[in-house]
Every structure is written in structure tokens, then in C-alpha cells.
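Next come the chains, spelled out residue by residue.
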Amino acid sequence: MDNSLPPADELVLVDRELARLEAHRTHLLERRAWLVQVLYRPARAATPPPRPGVPATDSTPRSAQNVLLTLGGTLLTIAAVAFTLVSWGSMGIGGRAAVLCAVTGAALAAPVALLRRGLVSTAESVAVLGLVLTVLDAYALHRVALSDTDGLGYAAAASAVLAGAWAAYGSALPRLRVPLPAAVVAAQSPLPLGVLAAGGGPTVFAWAALVTAAADGAAVLWARPLPVRITAGVGAVALGGWALLTGVRLSLSSPWSGAALLLAGAAVCLYAAWRASAWTVAVSAVAGLAVVAAVGGPLRSALPVDWTVPGYVLCGLLLVSVWRVGAGARLPPGSGRVSRARGRRWRRWVSCGRCRRSWRARWVR
């Protein structure tokens, strides 16, 4: 061979070309292997070949992870309850308190580290275990140190403390979805249990339920997390409905007590209907029925028995008339002039139609 380059330079060029061809051949072989895998294994999803340096991700389905975490949290909860209720007498007071406090603190602190690592589901399960352990702590405190106190009064105070603590815990860790709805559930108990502990009657219990329902309605209107709003809405419907039904029953036996309770419930419903446009019709209907029952109770006691049904009907008609007056007052300015102008156009059109029909009749004759 006769080349113009020196042998040393030509050897360098040949080595470089061979290295480039070898790299290209390796790339083509990898591509061929991936194409064969795609063509002859259609059941598997076609995925590109893995890039070098990219770590493999966990292929476990998310639903399976949630099921396993739920089962694990349930088993741990059962174990904690069994330890508190069954094995409670095999340890001293100091040992029992130390074990429960240590486990509760660890369960409540672990979600912080888990959330930093992105393990949200695991943190949720451990947080639920921590919330259950706080309930067991309250029970243990009553059994050990406050056994002489009244059970209902202690339950009311403990539920209020737990509601506040869970709300603070959920606000500090907003990525957890369970603590805030759990705080709403715990907040349903303090007032009714406190009334029962104080020996209050059905009327006082209904007022406590109505106040709690009003607080739930405020949470529905102003809280941002959707689970909190749903939980508070369920509580408001349950306790508010109980209070209104109690007011209806009281309106038959004690009209003035029932009237005050029903009017207060109607005021709460009207405010909720004014603020929440999605439930305006339903909540307004409930408020209207409450007003009719509230006014009809004292009227029923003042009228003869034969006038009971006409008295309630009269209250309903008065309520409808007040609603129509309010609806007319809310019409936009100028709507009356527009209606009168449309009426004049309609009469003009009808009169012109009558003229045309009479002219046609004369023409036919």
C-alpha cells in the first residue's frame, strides 16, 4: 500500500475508526435485543431500554402497599389495645405509664421522619396508630390516677383535649389526611357528654347538639381540606337533625321551649343557606319547616283542638307570603318596567292578530 501518511499516524486513525465501529455495533446489538423483546413478547408493555445511571423504581402496586400498610396498622392497634386492657395488671403503675408514653411518643414522632423520606402512606398508618394510642393513654390515665372521677365528665374533658391535640398535630403535619378529620370526630362529644354528666334533660342536650352542629357548619363553610368538610358536614346533619327533631317533639308538649330551639335551628340553617349556594334549597326548606313548627306550637296551644291543622297551614301561608315579598324585593332595578313593556308588546301583538283575523273574515264573505 502506498499512503501519503506516515505509518504511525495511519495506525492511530485505524484504531480510532475501529473503536467507533465497535461502539456503533454495541448500540445496534442492544437496540436489536430490545426490538426482539417487544416483537415476541406482546403481553408485556413496550418499555424503552433502561438508561445507564438511572436507579430502578419500586414496581409494587400502590394498592398492594396500601393494603399491607392498613393490615400492619390494624394489627399494631389490636396489639396496643390488648396490652392496655388484658396485660394491664401484670405491670406496675410506673412501668405501664412509661411503656404507653414511650410508644405513643415514638408513634407520633415517626411520621415526621417518614414524610421527609416521601413515605406518605407509611406515615399515615403510623399516625393513625399514634392517635389510637392517645385514646388508650387517656383511658390508662383514668384507670390509674383519676379513677374516682365521673366517667362521663372525664370522657367529655378527654375528648375535648384529644380534639385540640389532634387538630394541632394535623396542622403541624398538613400532608397527613387523618388527624384533622379525627379531631372533628372527637369534637362532637364534649358538649353532649358534658350535658349528660351534669344531669341535663333532653332540652339542654338538644341545645348542646345544636351548638355543636353550628360549629360543624362553620367548619364546613371555612375549612379548606375536603375530608374535614365532609366529616363536619356529616356531624352537622346528624346533630342538627337530632336537635330539630327534639324541638318538634318539645313543641307538642312544651311549645315555648320547642319554639326557641326550633327558631335557633332555623337561624343556623338560614345562615348556612346564605353562605353555601350548593345546598340553598334543601337547607332553606328545613329552615322553613322549623319556623312553621316553632310558630305553630304556641298557636296550637292557644287555639281549640279542631283548629290545630288550620293553624299550621296558616303559619305556612304566612311564611310563603313573606318569602314572596322578599323575592320581589330582591328583583333588580328596572325589572318592573321591563315586565310592563313586555306586557304592552304582547297586547299589541294580540290586538294586531285579532284585526288580521277579522279582516280575513270580511274578505272571505
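The rules behind these values
- Residues numbered from 1 in each chain as written.
- Predicted model: local features only at pLDDT ≥ 70, side-chain atom pairs only at ≥ 80, totals over all residues.
- Heavy atoms only, no water.
- Helix = DSSP H or I, 4+ residues; strand = E, 2+ residues; numbered from the N terminus.
- Buried < 20%, exposed > 50% of the residue type's maximum accessible area, 1.4 Å probe, protein only.
- Contact = heavy atoms within 4.5 Å.
- Areas by Shrake-Rupley, 256 points an atom, 1.4 Å probe, with all protein chains shown as cover.
- Core = buried A, V, L, I, M, F, W, Y, C linked by side-chain atoms within 4.5 Å.
- Salt bridge = Lys/Arg side-chain N within 4 Å of Asp/Glu carboxyl O.
- Phe/Tyr/Trp six-rings, centres within 6.5 Å; stacked < 30°, edge-to-face > 60°.
- Axes fitted to C-alpha atoms, helices over the stretch in contact; angles between N-to-C directions.
- Parallel < 35°, antiparallel > 145°, perpendicular 65-115°, else oblique.
- Left-handed = near helix turned anticlockwise from the far one by under 90°.
- Nonpolar A, V, L, I, M, F, W, Y, C, P; charged D, E, K, R; others polar.

**Considering the overall build of the protein**
Counting its regular elements, the protein contains 13 helices and zero strands. For the protein, the N- to C-terminal ordering of α and β elements is α-α-α-α-α-α-α-α-α-α-α-α-α. Looking at the protein residue by residue over its 365 residues, the buried ones come to 25%. The long-range fraction of contacts in the protein, counting pairs at least 24 apart against all pairs at least 6 apart in sequence, stands at 57%. Total accessible area on the protein stands at roughly 24700 Å², and carbon and sulfur atoms take up 69% of it.

**Brief notes about the nonpolar core**
Counting residues in hydrophobic clusters, the biggest one holds nine residues: Leu244, Ala259, Leu262, Ala266, Cys269, Ala287, Ala290, Ala293 and Ala294. Within the residue set of this core, elements represented by two or more residues are helix H10 (255-275) and helix H11 (280-302). In this structure, alanine 294 is in contact with Ala259, Leu262 and Leu263, ignoring residues within four places of it in sequence.

**Considerations on the pattern of salt bridges**
Here the structure, examined in full by the defined rule, presents two salt bridges. The salt bridge involving arginine 25 is made with glutamate 22; its shortest N-O contact spans 3.9 Å. Of the two residues, arginine 25 and glutamate 22 both sit in helix H1 (residues 7-40), three residues apart, roughly one turn of that helix. Using a relative accessible area of 48% as the deciding quantity, one classes arginine 25 as partly exposed.

**A short note on the packing of aromatic side chains**
All told, the structure shown has two aromatic pairs when counted by the stated rule. For the pair phenylalanine 205 and tryptophan 242, a centre-to-centre distance of 6.5 Å together with 85° between the ring planes defines the contact as edge-to-face. Of this pair, phenylalanine 205 sits in helix H8 (residues 202-222) while tryptophan 242 sits in helix H9 (residues 226-253); the two residues are 37 residues apart in sequence, bridging distant segments of the chain. Using a relative accessible area of 47% as the deciding quantity, one classes tryptophan 242 as partly exposed.

**What about the packing of H8 against H9?**
Relative to each other, H8 and H9 sit at 150°, their axes nearing to 7 Å. As the angle between them shows, H8 and H9 are arranged roughly antiparallel. Taken as a pair, H8 and H9 cross one another with a handedness that is left-handed. For the pair H8 and H9, contact is made by Pro202, Thr203, Phe205, Ala206, Ala209, Leu210, Thr212, Ala213, Asp216, Gly217, Ala219 and Val220 and by Arg229, Ala232, Gly233, Gly235, Ala236, Leu239, Gly240, Trp242, Ala243, Thr246, Arg249 and Leu250, respectively.

**Observations concerning the packing of helix H5 (residues 151-172) against helix H6 (residues 179-186)**
Packing of H5 against H6 leaves a shortest axis separation of 8 Å and a crossing angle of 160°. One element, H5, and the other, H6, form an angle in the roughly antiparallel class. Crossing of H5 over H6 shows left-handed handedness. The residues of H6 that touch H5, namely those facing Ser159, Ala163, Trp166, Ala167, Tyr169, Gly170 and Ser171, are Pro179, Leu180, Ala182, Ala183 and Ala186. A breakdown of the residues in the contact of H5 with H6 according to their chemical character gives nine nonpolar, three polar and no charged.

**Notes on the environment of alanine 109**
Positionally, alanine 109 belongs in helix H3 (residues 93-116). Assessed through its relative accessible area of 47%, alanine 109 is described here as partly exposed. Linking alanine 109 and alanine 127, residues 18 residues apart in sequence, is a C-alpha distance of 8.5 Å.

By themselves these figures say nothing about function.
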